[in-house]
Amino acid sequence: MTGRHPWFGTDELPPPARIGAEELRQTFVHAMRDVGFNGAQVATRPLTVPPASAAELYAASARLTALLRRAILAAGRNREERMAALAVDETLHPLFIDDRREERHCACMARPDVVIGADGPQFLEVNVGGAVGGAVHTHVLTRTWRRLHADGPDGGRLPFRSHSLFAERRRLFESVCAESGAERGVALLGTVRDLPGVHGTRYFDLEVEHLRRHGFAAEFFEPEDLYHGHGADGRFRYPVGLRHFTVAEWRHHGIDLAPVRRALDAGCLFLAPQTAYLVSNKKVLGWVSEGRPWMTGAEREFVRRYLPWTRVTGDREVVWHGRTYGLGELLVRRRESFVLKKAVGMCGDGVLLGPSTDPAVWADAVESAVREEDSVAQEYVEPGRCAAGLTDGTEAGTRQTTIAPLLGPYIVAGRPAGCLVRFFASGESGIVSMYGHGALVNVLVSS
């Protein structure tokens, strides 16, 4: 798929008025300071798509997230049965709260990874939880594009429509506080140790400042400082929190989770709760792709339309394009048609693209995945291309090009909340993550 895909439309937003290439680059370098940003090259405009395309992307994202939530909740009567169905390591899920709140809020925040295939959006995975990367980048990039274009010749009338991730999260926090009858207060819990190349706390402070501007009490905590959040009565001073970490990452850093457990027991609801990390397990994506007994015909058709063929690995037979195969044999014989992914993984770790993997390496990985039953196999989707403008800050280094974007639409409480765009300046496709692999970032808006 080498041409520009019609899903992206044909309108190309002009660069902001009255600003040169170096000023534009420096504007983004300054706006994105200390949040983890490669400013050697920047986009000259946001990725702009027709309103119908944006609406389709967000609606499909919300619907698929809801299906995954239903799939994990239907997999067992309680957390123990659900973890058993996934065959996950229970020690990686030590921070559960009561089942009612777990189930209610487990899919309150999500960011799918989406490419535009031959027939439109194709969902490669769905990242669920408060620790999903790129949220702050999406907020700052969107805000900066809005400011740059509001300063243009149209008297502040923006030539595009966008969503605010921080505003949608704020509405979620507000509703949770209102339900419990608590004063509006949010604790952001994370650590700079999770952010490569970042040393200060601006990444977290930006959202704290946003919440305070809208009448919330808000505070950022490193895990070792969490005890400061408790009042004299032992209760936690903030009724709701943003859980900006994963257990695996913090164990890698040697961070003690006991203060988090104490804050949960003292009344703070950290969103998204522990069950979110079961929802985001890629085996759940495989279950939905293969079909569950409770799924309606309309739900199965929706999945066929938007989700590439995905199966949990194991020594078993599968049906692919109307024929029955042994899964391992199929993956080895048709390497170019598939991707292997660990069921639990982040930032592109544990992902092998069949078309670009050495056959011997691929065969070994397939054998391991079939034996361990710890992965999913997914049909490879070649990403559609679109136009983009890039600059390195010089006129000579400002160019129009074609890219293969990976879209990350955020969904908060079922509502659109902005869309991250990651891509390689070379126009190639491949494994893209927030940190590493050399990808650039932008945001998607609608014209």
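Quick note: structure is the one above.
None of the values given here were measured: they were computed from a predicted structure. (Residues numbered from 1 in each chain as written. Predicted model: local features only at pLDDT ≥ 70, side-chain atom pairs only at ≥ 80, totals over all residues. Heavy atoms only, no water.)

**Here we look at a positive patch on the surface**
Positive charge collects at one region of the surface, where Arg33, Arg143, Arg147 and Arg213 lie side by side. Judged by its relative accessible area of 37%, Arg143 is partly exposed. (Patch = residues over 30% accessible without salt bridge, like charges linked within 9 Å, V, L, I, M, F, W, Y side chains within 5 Å. Areas by Shrake-Rupley, 256 points an atom, 1.4 Å probe, with all protein chains shown as cover. Salt bridge = Lys/Arg side-chain N within 4 Å of Asp/Glu carboxyl O. Lys, Arg positive; Asp, Glu negative; His and termini not counted. Charge placed at Lys NZ, Arg CZ, Asp CG, Glu CD. Buried < 20%, exposed > 50% of the residue type's maximum accessible area, 1.4 Å probe, protein only.)

**A few points about the packing of helix α2 (residues 51-74) against helix α11 (residues 282-290)**
Where α2 meets α11, the closest approach of the two axes is 9 Å, and the angle between their N-to-C directions is 100°. It follows from the interaxial angle that α2 and α11 lie roughly perpendicular. Contact with α2, carried on its side by Leu67, Leu68, Ala71 and Ile72, involves Val284, Leu285, Trp287 and Val288 of α11 and no other residues of that element. When its residues are assigned to classes, the contact of α2 with α11 shows 8 nonpolar, no polar and no charged. (Axes fitted to C-alpha atoms, helices over the stretch in contact; angles between N-to-C directions. Helix = DSSP H or I, 4+ residues; strand = E, 2+ residues; numbered from the N terminus. Parallel < 35°, antiparallel > 145°, perpendicular 65-115°, else oblique. Contact = heavy atoms within 4.5 Å. Nonpolar A, V, L, I, M, F, W, Y, C, P; charged D, E, K, R; others polar.)

**Here we look at the sheet that holds strand β6 (residues 217-221)**
Read from one edge to the other, the open sheet built from 4 strands follows the order β6-β5-β7-β8, with strand pairing classed as parallel. Edge positions in the sheet fall to β6 and β8 (269-271), since each has one partner strand and no second. Between one strand and the next, the sheet's axes are offset by a mean angle of 25°, whatever the strand orientation. As paired elements, strand β7 (residues 240-243) and β8 share 3 bridges and run parallel to each other. Looking at β8, one finds that Gly241 is bridged to Phe270. (Pairing = 2+ DSSP bridges.)

**Some details on unusual backbone geometry**
Residue Leu271 is joined to Ala272 through a cis peptide bond whose omega torsion reads -5°. Within the secondary structure layout, Ala272 lies in the loop between β8 and α10 (276-279). Positive phi values are uncommon outside glycine, yet Ala87 reaches one of about 55°. Locating Ala87 in the fold gives a position in the loop between α3 (79-86) and α4 (99-105). For Ala87, a relative accessible area of 60% gives the class exposed.

**Details of the pattern of salt bridges**
Where side chains of opposite charge bring their charged atoms close, a pairing between them can arise. Counted by the stated rule, this structure contains 28 salt bridges. Residues participating in the shared-partner salt-bridge network are Arg4, Glu12 and Arg45.

**Some details on the packing of aromatic side chains**
If you walk through the whole model with that rule in mind, you get 14 aromatic pairs. Aromatic pair Trp7 and Phe8: ring centres 5.4 Å apart, planes at 90°, arrangement edge-to-face. Across this residue pair, the class does not change: Trp7 and Phe8 are buried. Among the aromatic residues, those joined into a ring-pair cluster are Phe221, Phe236, Tyr238 and Phe270. Above the face of the Phe216 ring, Arg184 is positioned so that its terminal group lies 4.7 Å from the ring centre. (Phe/Tyr/Trp six-rings, centres within 6.5 Å; stacked < 30°, edge-to-face > 60°. Lys NZ or Arg CZ within 6 Å of the ring centre and 35° of its normal.)

**Focus on helix α1 (residues 21-31)**
If you check which residues of α1 are buried, you get Ala21, Leu24, Arg25, Thr27, Phe28 and Ala31. On an axial view of α1, the arc spanned by its buried residues comes to 155°, and they lie on one face. Lining the buried residues of α1 we find β1 (42-43), α5 (135-150), α7 (202-213), β15 (386-391) and β16 (398-403). (Arc of directions from axis to C-beta.)

**Focus on the sheet that holds strand β17 (residues 406-412)**
Spatially, the 6 strands line up as an open sheet ordered β2-β19-β18-β17-β3-β4, and their pairing is mixed. The strands lining the two open edges of the sheet, one partner per strand, are β2 (47-49) and β4 (120-128). Looking at each pair of strands side by side, their axes are set apart by 30° on average, direction ignored. With 8 bridges joining them, strand β3 (residues 109-117) and β4 adopt antiparallel strand pairing.

**Topic: helix α12 (residues 297-306)**
Buried within α12 are the following residues: Glu299, Phe302, Val303 and Tyr306. An end-on view of α12 places all buried positions within 100° of arc, on one side of the element. Turned more than 90 degrees off the buried face of α12, the exposed positions are Gly297 and Arg304. Here the buried face of α12 lies against α2, β4 and α11.

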